[in-house]
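Here's the letter readout for the chains.
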Amino acid sequence: MTGGVDGMNTSWHGSHRIPVARSSPAGAQGSFSTTFVPLDDAEAVGGRAGIRIPAGCPRTEYQESTMTGSASFRRASPSMAALLAAACALAPHPAAEAGQSGPVRVTTVLHPTFDTYLEGTSTTALHWLPTLLVSHREAAEAPVTRSAFLRFDVSQAALPGTVVDARLELTLQAGAPDPGAVQLAAARVETDDWTVPNTAAATDIADTTGPLVRRGDRFVYSAGVGDAARQDRAGDGALSLKVYAPAAGPATLAFPSQDAGDGPELPSLVVTTAVDAATARAHAAAASDLSVTRHQVDAMLRRPGAELRLREEAPLGSRLRWRSSDEQLVTDSGHVTRPSASLPDGSVLLDLTVTQGAVTLVDRFRVSVPHSDQVAAPVTPAYAVQHVALESGATALIDRQWGGVFEHVQSPVQHLDAVVDVRPGERIQPAVDAMGARGGGVVHLVGGLHRVQGRIDLRSGVSLVGDGPGLTVVQQDGSGDTIGTTLRQLTDVVLKDFTLQGIRGAASVSNGVLLAGSDPQSARHSRIMLQNVTVKNFGSMGIHMKRTANIILDRVASLYNGEANGLFHNLYLLYDNNVLQSDTDLSRPVLGKGAKYTSTSNVLVQRAKIRDAIGNGIQADGPEDTKILFYDYTVAGAGKTALWFISEDFKHPTPPTYDPANAPKHVILAKSHITGNLRGGVWKALTDVYVVDTVFANRQSDLMLLNTQPVFVRTGFSIAPTYHTDPNDLPLY
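So, a few notes on the structure that sits alongside this text.

Cut-offs and rules
Per chain, the residues get numbers from 1 upward, laid out in the order the sequence is written. Where totals are concerned, whole chains, interfaces and linings use all residues; where local detail is concerned, this predicted model gives features only for residues with pLDDT of at least 70, and gives and counts side-chain atom pairs only at 80 or more. Side-chain calculation: all heavy atoms of the structure are included, whereas hydrogens and water are not. The term salt bridge refers to a pairing of a side-chain nitrogen on Lys or Arg with a carboxyl oxygen on Asp or Glu at a separation within 4 Å. Three labels apply to residues, based on accessible area from a 1.4 Å probe with only protein chains included: buried if under 20% of the type maximum, exposed if over 50%, partly exposed otherwise in between. A 1.4 Å probe that fits but cannot get out identifies a cavity on a 1 Å grid over protein atoms alone, an open set with protein on both sides within 12 Å along at least five of seven lines counts as a pocket, and a residue lines either if it has an atom within 4 Å of a point. Grid points are joined across faces, edges and corners, and a volume is the space filled by probe spheres set on the points. Here a strand is any run of E in DSSP of at least two residues, a helix any run of H or I of at least four, and the numbering for each starts at the N terminus. Following the grouping adopted for this structure description, the nonpolar residues are Ala, Val, Leu, Ile, Met, Phe, Trp, Tyr, Cys and Pro, the charged ones are Asp, Glu, Lys and Arg, and the polar ones are all others, Gly among them. Think of it this way: DSSP has to see at least two bridges between two strands before they count as a pair. As used in this structure description, the phrase polar contact means that two N or O atoms lie within 3.5 Å; if the pair is within protein, one of them must be able to donate a hydrogen and the other to accept it, and residues adjacent in sequence are counted only when both atoms belong to side chains. Only the stretch in contact is used when fitting a helix axis, every axis being a line fitted to C-alpha atoms; angles between N-to-C directions are given from 0 to 180 degrees. Residue contacts are counted whenever heavy atoms from the two residues lie within 4.5 Å of one another. Within this scheme, the nonpolar core is defined by two criteria: the residues are buried Ala, Val, Leu, Ile, Met, Phe, Trp, Tyr or Cys, and they are joined through side-chain atoms within 4.5 Å. By definition, the crossover connecting two strands over a helix is right-handed if that path, from the first strand to the second, turns clockwise as seen with the strands pointing away from the viewer.

**Observations concerning the pattern of salt bridges**
Argument step 1. In total, this model carries 30 salt bridges according to the counting rule given.
Argument step 2. As a salt-bridge pair, E190 and R188 come within 2.9 Å of each other at their nearest N and O atoms.
Argument step 3. The class of E190 is partly exposed, set by a relative accessible area of 34%.
Argument step 4. Taking the relative accessible area as the measure of exposure, R188 reaches 10% and is therefore buried.
Argument step 5. One salt-bridge network, in which partners are shared between bridges, spans R321, E327, D332, R588, R611 and D612.

**Digging into empty space enclosed by the protein**
Argument step 1. Evaluation of the coordinates by the stated rule reveals four cavities of 30 Å³ or more.
Argument step 2. Together, V106, T108, A158, L159, P160, T273, V275, T279, H283, V359, T360 and L361 line the largest cavity.
Argument step 3. Looking at the lining of the largest cavity, the elements with two or more residues in it are strand 5 (104–110), strand 17 (268–275), helix 4 (277–301) and strand 20 (359–369).
Argument step 4. The element that contributes the greatest number of residues to the lining of the largest cavity is strand 20, accounting for three residues.
Argument step 5. Its residues assigned to classes, the lining of the largest cavity comprises seven nonpolar, five polar and no charged.

**Brief notes about the sheet that holds strand 37 (residues 618–621)**
Argument step 1. Pairing is parallel in the open sheet, where 11 strands are placed in the order 24-27-29-31-33-35-37-39-44-47-50. Where the open sheet ends on each side, the last strands, each with one partner, are strand 24 (456–457) and strand 50 (722–724).
Argument step 2. As judged from the four bridges shared by strand 33 (residues 571–574) and strand 35 (residues 595–598), these two strands associate in the parallel manner. Note that in strand 35 the partner of L573 across the bridge is Y597.

**Here's the deal with the side chain of R588**
Argument step 1. By the element assignment, R588 lies in the loop between strand 34 (577–585) and strand 35.
Argument step 2. One polar contact links R588 to D612, side chain to side chain, over a distance of 2.9 Å.

**Structural notes on unusual backbone geometry**
Argument step 1. For N537, which is not glycine, the phi dihedral falls at a positive 70°.
Argument step 2. Its relative accessible area of 10% is what places N537 among the buried residues.
Argument step 3. Even without a glycine there, the phi angle at S599 is positive, about 45°.
Argument step 4. In this structure, S599 sits in the loop between strand 35 and strand 36 (601–611).
Argument step 5. Note on S599: relative accessible area 3%, which makes it buried.

**Quick notes on the sheet that holds strand 13 (residues 213–215)**
Argument step 1. Spatially, 5-17-9-14-13 is the arrangement adopted by the five strands of the open sheet, whose pairing is antiparallel. Of all strands in the sheet, those bounded by a partner on one side alone are strand 5 and strand 13. Averaged over all pairs of adjacent strands, the angle between their axes in this sheet comes to 30°, without regard to strand direction.
Argument step 2. Inspection of the sheet shows strand 9 (residues 162–171) paired to strand 14 (residues 218–224) by five bridges, in the antiparallel sense. Looking at the pairing, L170 lines up with Y221 of strand 14.
Argument step 3. Strands strand 9 and strand 14 of the sheet are contacted by helix 3 (residues 226–233), whose axis makes an angle of about 120° with strand 9.
Argument step 4. Packed on one face of the sheet, helix 4 meets strand 5 and strand 17 and runs near 45° to strand 5.

**Some words on the nonpolar core**
Argument step 1. If you look at the biggest cluster of nonpolar residues, it comprises 61 residues, and the most contacted ones within it are Y597, Y633 and W683.
Argument step 2. Beyond its immediate sequence surroundings of up to four residues, W683 is in contact with L643, F645, L669, V689, V691, L703, M704, L705, L706, T708, P710 and L730.
Argument step 3. Counting 31 residues, the second-largest nonpolar core is a separate cluster that includes A148, L170, L172 and A245.

**Some remarks on the environment of Y597**
Argument step 1. Mapping Y597 onto the fold places it in strand 35.
Argument step 2. Y597 gets classed as buried once you look at its relative accessible area, which sits at 0%.
Argument step 3. Separated by 23 residues in sequence, Y597 and L574 have C-alpha atoms that sit 6.3 Å apart.
Argument step 4. Contacts of Y597, omitting those with residues within four sequence positions, involve L571, L573, Q581, V603, V605, I618, Q619, A620, D621, D625, F630 and Y633.
Argument step 5. Of note is the side chain of Y597, whose polar atom sits 3.2 Å from the side chain of Y633.

**Structural notes on the pairing of strand 21 (residues 419–422)**
Moving residue by residue along a regular strand, the side chains alternate between the two faces of the sheet.
Argument step 1. Relative to strand 22 (residues 441–445), strand 21 is paired through four bridges, and the arrangement is parallel. Looking at the pairing, V419 lines up with V442 of strand 22.
Argument step 2. Where the polypeptide runs from strand 21 across helix 6 (residues 429–437) and back to strand 22, its parallel neighbour, the crossover connection is right-handed.

**A look at the environment of Y117**
Argument step 1. Inspection of the secondary structure puts Y117 in strand 6 (residues 114–119).
Argument step 2. Note on Y117: relative accessible area 7%, which makes it buried.

**Details of the pairing of strand 38 (residues 626–636)**
Argument step 1. With nine of 11 residues buried, strand 38 lies mostly within the body of the structure.
Argument step 2. Bridging between strand 38 and strand 42 (residues 665–670) involves five bridges; their strand directions are parallel. Within the sheet, the bridge partner assigned to F630 lies in strand 42 and is L669.
Argument step 3. Two elements, strand 38 and strand 43 (residues 673–675), share three bridges in a ladder whose sense is parallel. Bridge assignment links A636 to a residue of strand 43, and that residue is T675.

Take a look at the structure:
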């Protein structure tokens, strides 16, 4: 790393010869582009090439003294001090901006909120795949013809100011051959209904047909889409674009998608906006902070496996927010957990959001996490399940509010007198069959990576036990259910002490655990327990149980599941009864919900959390949804509603019918924290609801109540609950 900012140059906008600094730091690979605020003082800008610190620039102190220009930075690394000085210098100086009038142009890079490609006339989106494919073979409607669709948020909230210009840029996958004369074109999609984007009308955008051009060692398709961006900005703020090959040819072009790309590979919309001086100052400060932060992270990434010191605030005051694609390897705060020596290396995408006032800039890093070089000490597996104690406060509420009428869960009966070891590379199913044939037993999955193709078919009385999450990993390399059963009625099963994982971006969508009893009355599965288990990265459901009784989920983490569809969740319980959920983490479902409880009764949840759902955190509904107690449940950061307790009949979804018979009944919410979500709760036609010792603090609303009259005891709100009688007053989704 060198002291200073590499690649700085000045350019001129309009007839006023306003200097503009453009930063492209070493190692940044062009993953962001920023036009800094114009200044009238050309001499000040010229001096910045030598990282001269203007008077009045804020000073930052670190541990070891190093002098750079007129600013003193105390830190062990002189080069980092120079970078911090550069950030300070690049920030617009208030004195230099005195007299600046009229709008100022800045450039911001946006990435898609959603992207996919479609085959022929298919309406099946493939948005979770790592590439966007574009080809034109045989005919436009042929199955081998593929078109890419991308949606960008160009709303005023995401992009302050007035849109001057916008360019779509797609970078061909690394190592791809020269595309030659292949030409692509862009069209504006008239609607933003991504369930069937191929059926929506698309209007070609003029002057977007052209070849890919070489930039360094990569090929880029670039198309001017400014008019389309302005049109959609004036509408719903979502710009939807289609990229296709207008002429037939043999080539299939592959572009990294939003889900899998990083840095310069990400699909981008480069937008120039005209903003006021205050926004321009914020934009320049944010861009400078982003530049410095990237240098810092790039330096840290040169030491694979080391802790990442991820700051929450940058030198010029921008707020930094980090989000890891796998917190079990790298947390949002930068703590690194290396895979055990018997497992492969890990890879994590780390998203950075830089916020300065109304300005938001983003970037993404790929973090390689090598496996540990320390061979773990031998593990003595614990085959027997541990008892799960109930919170005394929860049982007291059951006694007081429901008169003690509640069906508590029954624990599975284990058979610990027979154990068979299965080592990585050996087949699991023969061991499960053998233990099932003798009436039950333990299948011990020895630590390491167990790859499976298809389903592990469970048998009654079998306990599947590993050496611990992260030590024993069962990975689905095929499709379908990873753990399930062909039995009509399954009983007394334990899954314990292992990680169950899919592969993000896999073309074959699979479930983690899917158990479905044959009949809700006569053939329910029963006494199923998951303890100390992690389930992650499945394109469909993480854990899905239906027509099952006596379910215990203890110390279960079900994370990052459901990337293929918004109807796939981390946990989905359907037509179940008698559930104990304790110390669970159901955070970060990809598209669906953290947890969904439909027509499920006698549910006790204690010490659970759901963070950062893109939509709703929890859904509860169904005519048999009754006796639900959430005790110490934390739901935070949901993009829509944290607690979505509804009464719609989704069997007839055009549109769903409001029916109070489908609403949950007898609900207790206690000692819970519902904070930082868009909406805290949308509750429709609930009966007998008791809320005690709970905190609501959300962005848009805390509670929207449709024909629902909860009893509140020692419960705090940042926004007073609103009461409604018209279903149209509340959001449908």
